[in-house]
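This is what each chain is made of:
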Amino acid sequence: MPIENSLRPRMLRREFLKRSAASVAAVTLLGDEAFAASAPRRPSFVLINCDDLGYSDVGCYGSELIATPNIDALAQTGVKFTDFYAAAAVCTPSRACLMTGRYFVRPGLPRVLFPRDKVGITDKEITVAQILKRQGYATACIGKWHLGHLPRFLPTRHGFDYYYGIPYSNDMDKKQRNEPPTPLMRNEKIIEQPAVQETLTERYTEEAVNFIEQNKDHPFFVYLPHTMPHVPLHVSERFKGRSKRGLYGDVVETIDWGVGEIVKTLKDLGLQRDTLVMFTSDNGPWLQQKDHGGSAGPLRAGKATAYEGGHREPFIANWPGRIPAGSICADPASNLDILPTLASLAGTKAPTDRIIDGRDITPLLLCKDDMDDYPFFYMRNWDVCAVRYGKWKLHVRDREQQLEAIELYDLRADIGETTNLAGRYPKMVDKLKAMIAEFCKTLPPPPKAE
Ligand SMILES: [Ca+2]
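Residues numbered from 1 in each chain as written. Predicted model: local features only at pLDDT ≥ 70, side-chain atom pairs only at ≥ 80, totals over all residues.

A.B. asks: Which residues make up the pairing of strand β6 (residues 189–192), and what are the values?
C.D. replies: Relative to β6, strand β5 (residues 184–186) runs antiparallel, the two sharing three bridges. Among the inter-strand pairings, Leu-184 is bridged to a residue of β6, identified as Glu-192. (Pairing = 2+ DSSP bridges. Helix = DSSP H or I, 4+ residues; strand = E, 2+ residues; numbered from the N terminus.)

A.B. asks: For helix α6 (residues 246–268), give the residues involved together with the corresponding values.
C.D. replies: Taking 1.5 Å per residue as the helical rise, α6 with its 23 residues ought to reach 33 Å, and the 33 Å between its terminal C-alpha atoms agrees with that figure. Two residues or fewer past α6, Gly-270 is found with a positive phi of approximately 70°. (Expected span 1.5 Å × (residues − 1).)

A.B. asks: Can you tell me about helix α10 (residues 426–441), naming the residues and giving the values?
C.D. replies: Across its 16 residues, α10 extends 23 Å between first and last C-alpha, which sits within 8% of the 22 Å expected from 1.5 Å per residue. Where burial is concerned, little of α10 is hidden: one out of the 16 residues are buried. (Buried ≥ 20, exposed ≤ 12 C-beta atoms within 10 Å, placed from the backbone.)

A.B. asks: Any chance you could break down the environment of Phe-45 for me, citing the residues and the numbers?
C.D. replies: Relative to the helices and strands, Phe-45 resides in strand β1 (residues 44–50). On the neighbour-count criterion, Phe-45 (24 C-beta atoms within 10 Å) is buried. In sequence terms Phe-45 and Met-278 are 233 residues apart; their C-alpha atoms lie 7.8 Å from each other. What Phe-45 contacts, discounting residues up to four positions off in sequence, is Phe-221, Leu-276 and Leu-342. (Contact = placed C-beta atoms within 7 Å.)

A.B. asks: If you had to explain the sheet that holds strand β15 (residues 404–410) to someone new, which residues and values would you point to?
C.D. replies: Reading across from one edge, β12-β13-β14-β15 is the order of the four strands in this open sheet, with antiparallel pairing throughout. Single-partner strands in this sheet number two, and they are β12 (376–380) and β15. Strand-to-strand twist across the sheet, computed as the mean angle between neighbouring axes with direction ignored, equals 15°. Relative to strand β14 (residues 392–397), strand β13 (residues 383–389) is paired through four bridges, and the arrangement is antiparallel. Residue pairing across strands places Val-387 opposite Leu-394, the latter belonging to β14. (Axes fitted to C-alpha atoms, helices over the stretch in contact; angles between N-to-C directions.)

A.B. asks: Hey, could you go over the pairing of strand β4 (residues 162–165) for me, with residue numbers and the actual values?
C.D. replies: Direction of pairing for strand β3 (residues 138–142) relative to β4: parallel, over a ladder of three bridges. For Ala-140, the partnering residue across the bridge sits in β4 and is Tyr-162. Looking at chain direction, β4 and β5 are connected through two bridges and run antiparallel. Across the sheet, Gly-165 pairs through a bridge with Met-185, a residue of β5.

A.B. asks: Any chance you could break down the environment of Glu-308 for me, citing the residues and the numbers?
C.D. replies: You can see Glu-308 is positioned in helix α7 (residues 308–311). Take Glu-308: there are 28 C-beta atoms within 10 Å of it, and that puts it in the buried class. For the pair Glu-308 and Pro-298, spaced 10 residues apart in sequence, the C-alpha separation works out to 9.3 Å. What Glu-308 contacts, discounting residues up to four positions off in sequence, is Leu-299, Arg-300, Ile-415 and Glu-417.

Written out as structure tokens, the structure reads:
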């Protein structure tokens, strides 16, 4: 559904409130009671995280050229968020946010990691996988990790029972940079090098399906960070030429096929009502790749920028019996919220001995209630570039992040960030600047030499 219409998000919010009010009774009768009576176990989680997928690269977010019937069906029978953010506009920092619930400078991962790097996620951090593992979950990471490729940084050392995938991006195999061919790993061993990328999406899907089947008798957490549609794009012969959007569309349609296989597996095993399935991406489309990059639709700019195209992503959550079908949530939320939310749904809490930036958004996810406005900060390296609060967004740095440049947008009326209202609303500019200043006080100091 295209949402370019400037009035649409506000209408969606009302629609959501109306739907959520009407659905409370139905959820109570058909969801909670049935859940308590028939499924005493904790819910399982499947989190599909694409790489560089644009806001409008799936059908239910406006793509007319890429057919994604399985992803669209998740939204039709679940909830679609219109204002969901990846908390970074590039790979490594975004995954650091998702895994820890903390802005990436707190775990010290402000930039993209390369094969030459000797750093990664440290033992001081607590990942969502570790939290769930302590709650008795079987945990798997299947796909691109990108939080450090040395053994001490791998998923198997940070809460995952099982790992299958590539440890960093699929284009980090440049001979001129002395990078080795892309390794495919199982747990901590390289099993294929170079990784055969044509079949990677299908093999990830098979691995996810196998893990679900093997762990069907207890709660599981499958984190599935697809390698695609990050360039270089690859698909198998089976999917080549299928879409109306060239190789990029074929890649996304392969991912959509994989979503369908996973949903079918859950259905066949009778696990759908026990499983929350989520679909999103780590950052916006790499527009410089032209036909090999995605589309941010009505949003301005793409990957690596603080404009909406860099951060705003599809986010769909599906949980039959718990999430009312066909819901739309226009409240801002982000991948920082995943850790506290999954912790809460698993019967525990996010860590309290450190700053957790994310919130438990269970009320939004289950379409039960609205939540108070909360600032979301757009960061690049150690700089805060912009803040969103309610409908307002203030940029404080220019696109190259070099100079101070004040831009104020009303995102409800102007999703494309076209009309700078800073001159008209100086008090709002001051208020949002003060929010950024307060937030900056909580950040660790940048390292002396980066
Ligand atoms: Ca990415």
